[in-house]
Amino acid sequence: MHKKVAVIGGGAAGFFLAINLKECCPQAEVTIMERAGRVLRKVELSGGGRCNLTNTFQDISDLRQVYPRGHRLLGRLFRVFGHRHTWQWFEQRGVRLVAQPDHCVFPQSQDARTVSGLFIAEAHRLGVEVKTGCWVQSLDELSGYDYICVTTGGQPRPDGLLWLQQPVVEPVPSLFSLSIADEQLTALTGTVVPAASLMIPAKKLRASGPLLITHWGVSGPAVLRLSSYAARWLHEARYQSPLLVNWAGCTEAEALTMLTTLTQTCAKKLIPSVSPLGVPQRLWAYLAEKSLGQRAHAPWGSLNAKELRRLAGVVTADACTISGRAPHRDEFVTCGGIDLSAVNPHTLESRTRPGLFFAGEVLDIDGVTGGFNFQAAWTTAYTVASAIQNYLTLT
């Protein structure tokens, strides 16, 4: 008798799990059940429509750098299926990959539909049944299945996981932009800072990288990374917190040395006309006025030592205030989910309900931006597929 497997969630983890399972166990009857009317929507939107599907991990010495939650479990699972296996898996199926200088990995086509198309074609070839508009609200509805794999992704509300009857870590948003209540700053919308550094003083949490000023505050890789590290703390603080921004990505002493040099080399030029330290022109004018007031329009040569120190201080530790999350309805990633202590770390099977497995973001695993969340999805999905394969081999 063929065993029946239900995969709840038609996203990246769900398809990856179903395809790997059917390749190893063609006799299994695998059905993907997706609540929405369309599968793989998140895949097609990811990476600006290009799908940043993994990372080279080249500069990662500790997984805690990129996985604020779940790094210990993933460290163990990556030994079996990590980023190199992911690269090989996609290329063996005709999807060429390329690594960018920032170590993010994309399909060579630079089109996320290459990935979603592969998944749909492979599922069809292998005989995976895909049902859309299928909303499962109770495990009792799945009594006819031998194995249940939950790959529903992150849930914005705790009650979205109650039907699973498992211990849950409260889900909260992660990877979000920050609102800053400063009209002079947000008037600079569209300004890109190549190498900013951010810190939440209360927790000494830091992140660095490119930053984008928006009409509501700040966004970009540096901000998203900080939001991941601070996701739960910011939630508890109701997204209200001091924020220090280093716009130049250097130390205050280094900034002071550079600014002092300008008082000699550009003595007669007005301060707003010379933008030092790689700071964009419009942002530089804003910072000069913030630190010097009316003196911001004086010649460089007229600045005294106190004014230079004040200017260097603002450029490298600008005090802002987080006033909320960006005004978007849904985040792509959530922090929280099925408590990792509730699953077998080798199979990701529920400790209390045999035959119930979890993969992807529904688990309390999440990473920073850069392809790390997709890699966690591939790894956990492969782990579950392998565990069910082992069970089927024994029966």
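Up top is the structure.
The notes below deal with the structure included here. (Residues numbered from 1 in each chain as written. Predicted model: local features only at pLDDT ≥ 70, side-chain atom pairs only at ≥ 80, totals over all residues. Heavy atoms only, no water.)

1. Comments concerning the packing of aromatic side chains
- Applying the stated criterion to the full structure yields 22 aromatic pairs.
- Consider the rings of W284 and W300, whose centres lie 5.8 Å apart with planes at 10 degrees: the pair is stacked. Within this pair, whereas W284 is found in helix α10 (residues 281-292), its partner W300 is found in the loop between α10 and α11 (305-316), the two being separated by 16 residues in sequence. Each member of the pair, W284 together with W300, is buried.
- Connected via pairs of aromatic rings, a cluster forms that spans F15, F16, F81, W89, F90, F119, F374, W378 and Y382.
- Positioned above the aromatic ring of F106, the side-chain terminus of R50 is 3.9 Å from the ring centre. (Phe/Tyr/Trp six-rings, centres within 6.5 Å; stacked < 30°, edge-to-face > 60°. Helix = DSSP H or I, 4+ residues; strand = E, 2+ residues; numbered from the N terminus. Buried < 20%, exposed > 50% of the residue type's maximum accessible area, 1.4 Å probe, protein only. Lys NZ or Arg CZ within 6 Å of the ring centre and 35° of its normal.)

2. Concerning α10
- Compared with the 16 Å implied by 1.5 Å per residue over twelve residues, the 16 Å span of α10 between its first and last C-alpha is a close match.
- Residues of α10 that are buried sit in contact with α6 (183-186), β10 (192-200), β11 (205-213), α9 (252-265), α11 and β14 (318-325).
- G293, located one to two residues past α10, shows a positive phi value of around 65 degrees. (Expected span 1.5 Å × (residues − 1). Contact = heavy atoms within 4.5 Å.)

3. Observations concerning the packing of helix α1 (residues 12-24) against helix α5 (residues 113-126)
- In the contact formed by α1 and α5, the axes pass within 10 Å of each other and the chain directions differ by 35 degrees. Viewed along their axes, α1 and α5 form a crossing whose handedness is left-handed. When α1 is examined against α5, the residues A12, F15, F16, I19, K22 and E23 are found in contact with a partner set consisting of F119, I120, E122, A123, R125 and L126.
- Taken together, the residues of the contact of α1 with α5 sort by class into eight nonpolar, no polar and four charged. (Axes fitted to C-alpha atoms, helices over the stretch in contact; angles between N-to-C directions. Left-handed = near helix turned anticlockwise from the far one by under 90°. Nonpolar A, V, L, I, M, F, W, Y, C, P; charged D, E, K, R; others polar.)

4. Re the sheet that holds β11
- Spatially, the six strands close up into a barrel ordered β9-β12-β11-β10-β13-β14, and their pairing is antiparallel. Strand-to-strand twist in this sheet, taken as the mean axis angle between neighbours without regard to direction, amounts to 50 degrees.
- Relative to β14, strand β13 (residues 241-246) runs antiparallel, the two being bridged by five bridges. Looking at β14, one finds that L243 is bridged to C320.
- Seen against the sheet, α10 touches β10, β11 and β14 and runs at an angle of roughly 110 degrees to β14.
- Running over the sheet, α11 touches β13 and β14 and is turned about 110 degrees from β13. (Pairing = 2+ DSSP bridges.)

5. What to know about the nonpolar core
- Among the nonpolar cores identified, the biggest contains 76 residues, and Y67, F90, F119, F358, W378 and I388 are the most heavily contacted of them.
- Here this core gets eleven residues from one element, more than from any other, and that element is helix α12 (residues 372-394).
- With residues near it in sequence (within four places) discarded, W378 still touches A12, F16, L53, F81, T86, F90 and F119.
- Residues L185, L262, V279 and W300 belong to the second largest nonpolar core, which totals 47 residues. (Core = buried A, V, L, I, M, F, W, Y, C linked by side-chain atoms within 4.5 Å.)

6. Thoughts on the sheet that holds strand β5 (residues 104-107)
- As summarised here, the arrangement of the three strands in space is β3-β5-β4, forming an open sheet in which the pairing is antiparallel. Since the sheet does not close on itself, it has two edges, and those belong to β3 (54-55) and β4 (97-99), each with one partner.
- Bridge count between β4 and β5: three bridges; the pairing is antiparallel. Pairing of A99 across the sheet is with V105, part of β5.

7. Focus: the pairing of β11
- Bridging between β10 and β11 involves seven bridges; their strand directions are antiparallel. Bridge assignment links L198 to a residue of β11, and that residue is A207.
- Remark: four residues form the turn of the hairpin made by β10 and β11, two consecutive strands paired antiparallel; K204 in that turn has positive phi of roughly 55 degrees.
- A loop of three residues connects β11 with strand β12 (residues 217-219), the two strands running antiparallel in sequence.

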